[in-house]
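Chains, contacts and geometry: an overview
Okay, here's what each chain looks like letter by letter:
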Amino acid sequence: MNSLPLFAWLSPAFPVGAYAYSHGLEWAVEDGDVKDEATLLAWLKDTLTLGAGRNDAILFAQAYRALGDKAAFAAVNELALALAPSQELRLETAQQGRSFLDAVLNAWPKDDLAEAAKEIGEIAYPVAVGLTAVAHKIPLAASLPAFVLAFAQNLVSAAIRSAPIGQTSGQRVIHALTPMIEALASEAETLTLDDLGGAVFRADLGSFKHETQYTRLFRS
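Structural notes, computed from the coordinates. Everything quoted here is computed from the prediction, not taken from an experiment.

**What to know about helix H8 (residues 125–135)**
Most of H8 sits inside the fold, with eleven of its eleven residues counted as buried. Within H8 the residues assigned to the buried category are Tyr125, Pro126, Val127, Ala128, Val129, Gly130, Leu131, Thr132, Ala133, Val134 and Ala135. On its buried side, H8 packs onto helix H1 (5–9), helix H4 (52–65), helix H5 (70–82), helix H6 (87–107), helix H7 (111–117) and helix H9 (140–162). Count one or two residues on from H8 and you reach Lys137, which has phi positive near 60°.

Shown next, in the form of structure tokens:
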């Protein structure tokens, strides 16, 4: 199977607007929780294992398996949107999901993907990417860890732009996270919607506080 499209879809050049979102990281920088390489790594570890990283991986896998089952797919997508703890984070996943699906349908069309998209209004980002991966017959074992890695890379990019963290430090953080990402993706393949949940209360509250933050570079 050809996994090469993943490099295009998960690239910063793909038109989903990922650069405009920090998933609350901008507030963490403003409040002093993230101020250097070590604190960024700690914040991202929690985000990946206890927050959106883990949940998005589960949702990706469930959407991947739901192609052709309208009821199951609708349930996964509805839950994915409902899990967003704040208005900004719902916008983050819904805007990227819609933009991703529209770009793929126009540039990388597939009949079964177009059929599945007909009845979709709002769509969460992990659901959109999971649906696209299975429609293009890219194995879950390849597409899921690539998706989680791209999520982590986008947050590191946001940290580089908003905190005193250089590009080399950012790459060290990504390297340190890679084994965790591989394990998380492997585990998520075996989990169900009943395993969804989170315990990143400070990050969730930070996403609310970011809505009224005085100076902002990012939309979340």
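**A closer look at the nonpolar core**
Counting residues in hydrophobic clusters, the biggest one holds 73 residues, and the most contacted among them are Leu25, Phe100 and Leu144. Tallying contributions element by element places H9 first for this core, with eleven residues.

**Observations concerning H5**
Taking 1.5 Å of rise per residue, the 13 residues of H5 would be expected to cover 18 Å, and the 18 Å separating its terminal C-alpha atoms lies within 8% of that figure. Buried residues of H5: Phe73, Val76, Asn77, Ala80 and Leu81, and no others. Considered in projection along H5, the buried side chains sweep an arc of 130° and stay on one side of the axis. Within H5, the exposed residues directed more than 90 degrees away from the buried face are Ala71, Glu78 and Ala82. If you follow the buried residues of H5, they end up packed against H4, H6 and H8.

Rules of the game
- Residues numbered from 1 in each chain as written.
- Predicted model: local features only at pLDDT ≥ 70, side-chain atom pairs only at ≥ 80, totals over all residues.
- Heavy atoms only, no water.
- Buried < 20%, exposed > 50% of the residue type's maximum accessible area, 1.4 Å probe, protein only.
- Helix = DSSP H or I, 4+ residues; strand = E, 2+ residues; numbered from the N terminus.
- Contact = heavy atoms within 4.5 Å.
- Core = buried A, V, L, I, M, F, W, Y, C linked by side-chain atoms within 4.5 Å.
- Expected span 1.5 Å × (residues − 1).
- Arc of directions from axis to C-beta.

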